[in-house]
There are 6 protein chains.
Amino acid sequence: MRPSERSPDTLRAVTLETGVNRYAEGSCLVSFGHTKVLVTASLEEGVPGFLRGRGEGWVTAEYGMLPRATHTRGRREAAQGKQSGRTQEIQRLIGRSLRAVVDLKALGERQISIDCDVIQADGGTRTASITGAWVALRQATRYMLEEGLITKDPILDQVAAVSCGVFSGTPVLDLDYEEDSTAEADSNFVLTGKGDIVEIQATGEKRGFSEAEFEALFSLARKGIRELCELQRAAAR
Amino acid sequence: MRPSERSPDTLRAVTLETGVNRYAEGSCLVSFGHTKVLVTASLEEGVPGFLRGRGEGWVTAEYGMLPRATHTRGRREAAQGKQSGRTQEIQRLIGRSLRAVVDLKALGERQISIDCDVIQADGGTRTASITGAWVALRQATRYMLEEGLITKDPILDQVAAVSCGVFSGTPVLDLDYEEDSTAEADSNFVLTGKGDIVEIQATGEKRGFSEAEFEALFSLARKGIRELCELQRAAAR
Amino acid sequence: MRPSERSPDTLRAVTLETGVNRYAEGSCLVSFGHTKVLVTASLEEGVPGFLRGRGEGWVTAEYGMLPRATHTRGRREAAQGKQSGRTQEIQRLIGRSLRAVVDLKALGERQISIDCDVIQADGGTRTASITGAWVALRQATRYMLEEGLITKDPILDQVAAVSCGVFSGTPVLDLDYEEDSTAEADSNFVLTGKGDIVEIQATGEKRGFSEAEFEALFSLARKGIRELCELQRAAAR
Amino acid sequence: MRPSERSPDTLRAVTLETGVNRYAEGSCLVSFGHTKVLVTASLEEGVPGFLRGRGEGWVTAEYGMLPRATHTRGRREAAQGKQSGRTQEIQRLIGRSLRAVVDLKALGERQISIDCDVIQADGGTRTASITGAWVALRQATRYMLEEGLITKDPILDQVAAVSCGVFSGTPVLDLDYEEDSTAEADSNFVLTGKGDIVEIQATGEKRGFSEAEFEALFSLARKGIRELCELQRAAAR
Amino acid sequence: MRPSERSPDTLRAVTLETGVNRYAEGSCLVSFGHTKVLVTASLEEGVPGFLRGRGEGWVTAEYGMLPRATHTRGRREAAQGKQSGRTQEIQRLIGRSLRAVVDLKALGERQISIDCDVIQADGGTRTASITGAWVALRQATRYMLEEGLITKDPILDQVAAVSCGVFSGTPVLDLDYEEDSTAEADSNFVLTGKGDIVEIQATGEKRGFSEAEFEALFSLARKGIRELCELQRAAAR
Amino acid sequence: MRPSERSPDTLRAVTLETGVNRYAEGSCLVSFGHTKVLVTASLEEGVPGFLRGRGEGWVTAEYGMLPRATHTRGRREAAQGKQSGRTQEIQRLIGRSLRAVVDLKALGERQISIDCDVIQADGGTRTASITGAWVALRQATRYMLEEGLITKDPILDQVAAVSCGVFSGTPVLDLDYEEDSTAEADSNFVLTGKGDIVEIQATGEKRGFSEAEFEALFSLARKGIRELCELQRAAAR
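Residues numbered from 1 in each chain as written. Chains lettered and ligands numbered in written order. Predicted model: local features only at pLDDT ≥ 70, side-chain atom pairs only at ≥ 80, totals over all residues. Heavy atoms only, no water.

Going by an unreviewed UniProt entry, chain A carries the name Ribonuclease PH and comes from Phenylobacterium soli. Of chain A, the UniProt comment under Subunit (unreviewed entry) reads exactly: "Homohexameric ring arranged as a trimer of dimers." Recorded in UniProt for chain A, the comment headed Sequence similarities (unreviewed entry) runs: "Belongs to the RNase PH family." (UniProt positions renumbered as here; feature names shortened; annotations may be inferred.)

The following block contains the structure:
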């Protein structure tokens, strides 16, 4: 039995609220249960140095957690003077996931910066971030089309993410913090709308786990991401 | 005429929403018009080194701005590896303002950390932060009383803050960003519920300004802070 | 009774010695009693990025304290790898205060960097810095006029600063360290030669304080700054 | 055809040379073709703060690349003042992978620090690091047993890693740099001696990729890791 | 002919003024011509971690240069966030030089921190620092004896330093900046009162130089340091 | 008697192995007994800012030590976020030593970056680095000549280095760690092939030392460096 009383293949209540920032070209407040992430997509002219002059754009992401997003207050990264390894790992994942479904040439020499700030954390902040980020990105590219900055839609497909894990011996979908902290295996799946793999990260937390377990997690992820993609389409309409 | 069409002595719409974070001992989402700051108050056992063994507590504050809180995206301080001078100045002001109305001995050897994170900025983020922080602090000390951690209320009075400035030659209350960026003089007043001065910061932005102008600003601030104190009492009830 | 036996409205012995650095375009060793600050004004071609191409100049300031300027040795900021919030707050104040009396267009695309290094500290280092900085700045602009770099004097007025506070219940002028560390209220006033307000910072250290107290402090400051302006004129002659 | 003329399921020449550092409790110079990583295992008394007093040990890893390990010289991280996100991601992966096969209680309150320094890089530095690290760790725990510091072998199983990718449409084993930089999909598998999954990281570099492709990669990885485990056993004998 | 018209074996005018800081246990303003360094010696209870519990003391030094000590303004190290390699090299040299003439056991578990801050630089700042530091240190240990903190004088001998170089083919004593910047060879000698070698650093700036040249430099240094030691004795009386 | 049983004027076994890195324009693995340093020379187009436009090149060096190069593991400088003073001192010495024998104009506007990474340390890492660096540099300039990038050999002479010290009262050549840690005097000599002085650093570790001792050290160094120069010529052939 899951602590939340969800059945193994059930997502938490997911909401994707758009238009939550009056300045950003795209924005989305995404909730996976008690996990809440505020995502903005900011359009900036120009690209990083390594891309200059190639006529291509870039999509990048930054991730942060408010100090009291968690049960006990964490140290503010700006005060510590550096981003943790975990933060960097997550923001690299978000950026990579989005770029897999964007035609960078269609952006022109512009960058879209995605900021994912975790307001409240209850597990799954990186998968919520990716899922919400696609909605914010969708809005930003729509803005670009409407303003006539570009003529071709750079978004090639949807992308969404969910975590799965083996909790008390059972493969379950969309771990919350309580499950995540004791799970035997933990995984994050990032899939496109068509079902292609963008990223898989699977970790045996206390022990290795079997290929059969891995396949059960993958199958749960497919189901969850199908549902998330539907919610994205509704939100981005 | 103010860009917002407010009369010179009118605050923006101010809201103070409590209970916005399920983990923090106190929390408040404060809005001064389009300026929105999420404030949490976190109770921590122990005090900083310089106070250890004195039987006294401490109240401190940290301040941050989400990168796209502003019209154009700013750099994330955690990514830059340091907090700007402006950030440090503001968080020192917030901490000082709150400590002026707290009986630190009554806290015991505990620290309350106030986090003020600006979700959206349209001028007056430091005054909104102080005003909302008092509400979050109020909730945290009530929690301490209810849990039996302390027996005496450490809050001695209210404290609230507002900015005033000389805009197009006229003293006005509660500057928004458009006013702030062209004001001839800019000031922040922090007053207690009783009307005592906790902090005054007044700056001639382009020129010095006269004592008569200063007095007009002070008088507007008194009016605004009286109204803010009423809203605080309602929110903290 | 003040520890220094000064009457409430008496400044410490103030001296402003110019020409103390053989390389700087302007320099001043300012003493407010035992507080000694070495100020240099350095002329540099070019302006910071945000001003480039506008045909305007800039005046900026940096502040530092030698490790043993104080009763007990403090840590060297260069060794710690960052400037404290206090240091940044003070150097921002000095720069702002000077810019209020400078016609930046008249400087051309040049920067004057003011360095205020505290050799010995006994309270009032920021007000001594501002008062001495004006003298060093005055020398640097005179150098520019004499060298024919500019034809119009960019200095619009004098600017000087003094602290006042409520010590043992009495408003007093120009706090020394012993007074400052126990004062109930502490304030810094920065006024122009004409008496206009450039900056006011007033803080209730242990309690809020009343408007009547504030007015007494302001009136002491006016008197002190009138005397400082006279000394500046004598030094800059 | 692979640039190296290897068949799709062939590892590069792999060597694991032990005893390459006269001070370290364990050491291994691992080569996967032209990729060479010097690994040391250092035994230290005590554990990090978060584990103190629990009677458990810890295994952690650090990773670095010599500036000219690569085709063009990269900047030295120590000179830049921070480790890149990539470096932190890799060192976290190495530590996690090793801990999955170590009985931390059996270590007592001791830490084994694994240092993986890349002498020459031609793709697959993280998988070579993990594979060599197990050998160095094996030596360090043997040292502990021989010295009588512990009585029970803390190593529960082997762990080794290899990369696989889709190169020019074909799934291939153990990518070198030339393949890696143009692969359509890239993955790292970390498996135990028994074949359990410790970590899977799979990324679609330019596009999503299919589940069938993923399965082909997984199957190549199984084959490669079986061979690596044999080499580990030979080296650690 | 030297630019300063000094003969090859003549020091600049050297002054050693004591008692220049009212808080420090020892202080000395040392001038070698236009080079001026403010040195303080601060007594602190306790020693660095690596010495704790051994009943021994420590002498350490920090060095800094005010931004406009030089012809053109340099960047403030505290603002840059780190000390340059040159700064660290110099402060390590100063500390080492002083410790060579101090009986650390006689200090007890106390540290004397020497701060050398260059007010104005015209070559030879490190040698002036060492020469002045001995005087400040001498005062601090005398203070300790007078206060009864120690009973045995920890100063074993004097130590002083001077630079020599080959300028336009001629070996000369005590280089000023103009000579230093074009010298073919540059050297710093640190000798004890008895004439023993504490430190020699000799560098061929543009070319190697001969042993005969080195011996000429050494001999000049002996002469200069004999004179400096006399001035130290007079100052420390 | 030396712990290694060497006679006072005997070098450790020295080897200089070239071609140890397949990407670098020059490379050398240098061993002085158990001290092993991997040196690479990397050719880069362009020069640092302060040299731009002068038609001259630059040679610079960086130095690092692997964490377990030493008896007990040291902290990784990249993880600490800064290079120690010792590291900076050594890398400045290496760069200076090499530049003394290079005709920078003959390089054109190109930089050669020398990386010296200590794989295993047993005393004398800086002298081994310099000695090996000359060999790597020699290879890099030969590459430039062969590729037709330059037409004139920029190497003016050889340069090599060795340490000497007073150990148990006896002057000895090429200190190993055991000797170095207890030596009464320690010195590093950097001489050209012709025998000119490039750099001398001599330090009395516990006491000053006499000129006679210094001369004995110098004479040992001459002998050692003559032998090192022969080995360099053999290696660079």
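Still more to cover.
## A closer look at the packing of aromatic side chains
Throughout the structure, instances matching the rule amount to 33 aromatic pairs over all chains. With a centroid separation of 6.0 Å and an interplanar angle of 40°, the aromatic rings of Phe189(E) and Phe214(E) are classed as tilted. Here Phe189(E) is found in strand 8 (residues 185–192), whereas its partner Phe214(E) is found in helix 6 (residues 211–235), with 25 residues between them in sequence. With relative accessibility at 2%, the residue Phe214(E) sits in the buried group. Ring pairing ties together the aromatic residues Phe189(A), Phe214(A), Phe218(A), Phe189(D), Phe214(D) and Phe218(D), which thus form one cluster. (Phe/Tyr/Trp six-rings, centres within 6.5 Å; stacked < 30°, edge-to-face > 60°. Helix = DSSP H or I, 4+ residues; strand = E, 2+ residues; numbered from the N terminus. Buried < 20%, exposed > 50% of the residue type's maximum accessible area, 1.4 Å probe, protein only.)

## Notes on the packing of helix 4 (residues 125–146) of chain F against helix 6 (residues 211–236) of chain F
Pairs of packed helices are described in terms of their axes, by the angle between the two and the distance that separates them. Residue and element names in this part refer to chain F. One can describe the packing of helix 4 onto helix 6 by two numbers: an axis separation of 10 Å at closest approach and a directional angle of 30°. By the criterion of interaxial angle, the relationship of helix 4 to helix 6 is roughly parallel. Crossing geometry of helix 4 relative to helix 6 is assigned as right-handed. Contacts between helix 4 and helix 6 involve Thr-131, Trp-134, Val-135, Arg-138 and Arg-142 from the first element and Leu-228, Gln-232, Ala-235 and Ala-236 from the second. Split into classes, the residues belonging to the contact of helix 4 with helix 6 amount to five nonpolar, two polar and two charged. (Axes fitted to C-alpha atoms, helices over the stretch in contact; angles between N-to-C directions. Parallel < 35°, antiparallel > 145°, perpendicular 65-115°, else oblique. Left-handed = near helix turned anticlockwise from the far one by under 90°. Contact = heavy atoms within 4.5 Å. Nonpolar A, V, L, I, M, F, W, Y, C, P; charged D, E, K, R; others polar.)

## Re the pattern of salt bridges
Should their charged atoms come close, side chains of opposite charge can pair. All names here are of chain B. As enumerated under the stated definition, the model contains 144 salt bridges over all chains in all. A salt bridge links Arg-12 to Asp-122, with the shortest nitrogen-to-oxygen separation between them at 4.0 Å. Note that Arg-12 is positioned in the segment before strand 1 (14–18) and Asp-122 in the loop between strand 5 (110–120) and helix 3 (125–146), a separation of 110 residues in sequence. Across the pair, exposure class does not vary: Arg-12 and Asp-122 are buried alike. (Salt bridge = Lys/Arg side-chain N within 4 Å of Asp/Glu carboxyl O.)

## Concerning the relation of the copies chain B and chain A
Relating one copy of the chain to the other takes a rotation about an axis and a shift parallel to that axis. When chain B is fitted onto chain A, the two copies agree to an RMSD of 0.0 Å after a turn of 180° and an axial shift of 0.0 Å. Here the copies are linked by what is in effect a two-fold axis. Take the interface residues of chain B: 100% of them recur as interface residues in chain A, which is what a same-surface contact looks like. (Least-squares fit on C-alpha atoms with pLDDT ≥ 70 in both.)

## Re helix 2 (residues 85–99) of chain A
In this model, helix 2 of chain A (15 residues) spans 21 Å end to end at C-alpha, consistent with the 21 Å of a helix rising 1.5 Å per residue. Along helix 2 of chain A, the residues classified as buried are Gly85(A), Thr87(A), Gln88(A), Glu89(A), Ile90(A), Gln91(A), Leu93(A), Ile94(A), Gly95(A), Arg96(A), Ser97(A) and Leu98(A). (Expected span 1.5 Å × (residues − 1).)

## Quick look at the interface of chain B and chain A
Often, the extent of an interface is quoted as the loss of accessible area upon association of its parts. Opposite the 38 residues of chain B that make contact, chain A presents 38 residues. Summed over both sides, the interface of chain B with chain A buries roughly 2900 Å², with 48% coming from carbon and sulfur. The largest share of the area that chain B buries against chain A comes from Tyr23(B), Arg68(B) and Arg73(B), three residues that together contribute 28% of it. At the boundary of chain B with chain A, the tally comes to twelve salt bridges. With a shortest N-O distance of 2.7 Å, Arg68(A) and Glu25(B) are connected by a salt bridge. Run the count over chain B and chain A and you get 24 residue pairs in polar contact (both at pLDDT 80 or more). For the side of chain B that touches chain A, the secondary structure elements donating two or more residues are strand 3 (35–45), strand 4 (58–65), helix 1 (77–80) and strand 5 of chain B. When the residues that make up the side of chain B that touches chain A are grouped by side-chain class, the tally is 15 nonpolar, eleven polar and twelve charged. (Buried area = accessible area lost by both parts, 1.4 Å probe. Polar contact = N/O pair within 3.5 Å; in protein donor to acceptor, adjacent residues only side chain to side chain.)

## Quick look at the UniProt feature "domain: Exoribonuclease phosphorolytic" (unreviewed entry) in chain A
When the UniProt feature table is mapped to this numbering, "domain: Exoribonuclease phosphorolytic" (unreviewed entry) covers residues 11–140 and 157–224 of chain A. As annotated, residues 11–140 of chain A comprises 27% helix and 32% strand, and the C-alpha atoms at either end are separated by 27 Å.

## Notes on the layout of surface pockets
The volume enclosed by the second largest pocket comes to roughly 400 Å³. Considering the residues around the second largest pocket, the lining is formed by 15 residues, among which Leu29(A), Ile119(A), Leu29(B), Leu38(B) and Ile119(B) are closest to the centre. Counting residues per element, the ones that place at least two in the lining of the second largest pocket are strand 2 (26–32), strand 3 (35–45) and strand 5 (110–120) of chain A together with strand 2 (26–32) and strand 3 of chain B. In terms of residue class, the lining of the second largest pocket is built from eight nonpolar, three polar and four charged. (1 Å grid on protein atoms, 1.4 Å probe; cavity = no way out; pocket = protein on both sides within 12 Å on 5 of 7 lines; lining within 4 Å. Points joined across faces, edges and corners; volume = space filled by probe spheres on them.)

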